[in-house]
Amino acid sequence: RRAARLCCLAQDCENPEYIKLVRALCEEGGVHLIMVDSREQLGEWCGLCKLDMDGNATKVVACSCAVVTEFGEDTQALNVLLDYLKKQQA
């Protein structure tokens, strides 16, 4: 389908073959790739956790890779992300 716009890959992924595959697919499809420090951080970003009363993440499920297919509405945060991605390509 080639619907991916952005791919986030955890640096601490335990399977080096999986990392090579994801990198190759992103390169082949022209998909931006962002490396995330940990699988737990990526899981939290994806909402794979519960929030306590203070809004802190608990019971975070680790995630090695996540793909964004639609950026949603045009916001300042999206513009910051797109600027970052442009700088990475240069």
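Residues numbered from 1 in each chain as written. Predicted model: local features only at pLDDT ≥ 70, side-chain atom pairs only at ≥ 80, totals over all residues. Heavy atoms only, no water.

**Student:** Lay out the overall build of the protein chain in plain terms, naming residues and giving numbers.
**Tutor:** Tallying secondary structure elements over the protein chain gives three helices and five strands in all. The secondary structure elements of the protein chain, listed N-terminal to C-terminal, are β-α-β-α-β-β-β-α. Its C-alpha atoms give the protein chain principal-axis dimensions of about 40 × 35 × 25 Å. Put simply, the protein chain has 90 residues, and 24% of those count as buried. Across the protein chain, the fraction of contacts at a sequence separation of at least 24, relative to all contacts at a separation of at least 6, is 61%. Per element, the accessible surface of the protein chain, about 6,700 Å² overall, is 50% carbon and sulfur. (Helix = DSSP H or I, 4+ residues; strand = E, 2+ residues; numbered from the N terminus. Buried < 20%, exposed > 50% of the residue type's maximum accessible area, 1.4 Å probe, protein only. Contact = heavy atoms within 4.5 Å. Areas by Shrake-Rupley, 256 points an atom, 1.4 Å probe, with all protein chains shown as cover.)

**Student:** Help me get a handle on the layout of surface pockets, residues and values and all.
**Tutor:** Over the atoms rolls a probe the size of a water molecule, and its path tells where empty space is left. In this model, the largest pocket occupies a volume close to 280 Å³. It is helix 1 (residues 16-29) that contributes the most residues to the lining of the largest pocket, five residues altogether. When its residues are assigned to classes, the lining of the largest pocket shows eight nonpolar, two polar and two charged. Within this model, the second largest pocket holds a volume of roughly 160 Å³. In terms of lining, the second largest pocket is formed by C26, E27, G30, V31, H32, L33, L85, Q88 and Q89. Taken together, the elements giving at least two residues each to the lining of the second largest pocket come down to helix 1, strand 2 (32-36) and helix 3 (76-89). The element contributing the most residues to the lining of the second largest pocket is helix 3, with three residues. Of the residues contributing to the lining of the second largest pocket, the split by class is four nonpolar, four polar and one charged. (1 Å grid on protein atoms, 1.4 Å probe; cavity = no way out; pocket = protein on both sides within 12 Å on 5 of 7 lines; lining within 4 Å. Points joined across faces, edges and corners; volume = space filled by probe spheres on them. Nonpolar A, V, L, I, M, F, W, Y, C, P; charged D, E, K, R; others polar.)

**Student:** An account of the pairing of strand 1 (residues 6-10) is requested, with residue identities and associated values reported.
**Tutor:** Where burial is concerned, most of strand 1 is hidden: five out of the five residues are buried. Of the two faces of strand 1, the one lined by L6, C8 and A10 and the one lined by C7 and L9 are each fully buried. Note: strand 1 against strand 5 (residues 65-68), four bridges, orientation antiparallel. Looking at strand 5, one finds that C7 is bridged to V67. (Pairing = 2+ DSSP bridges.)

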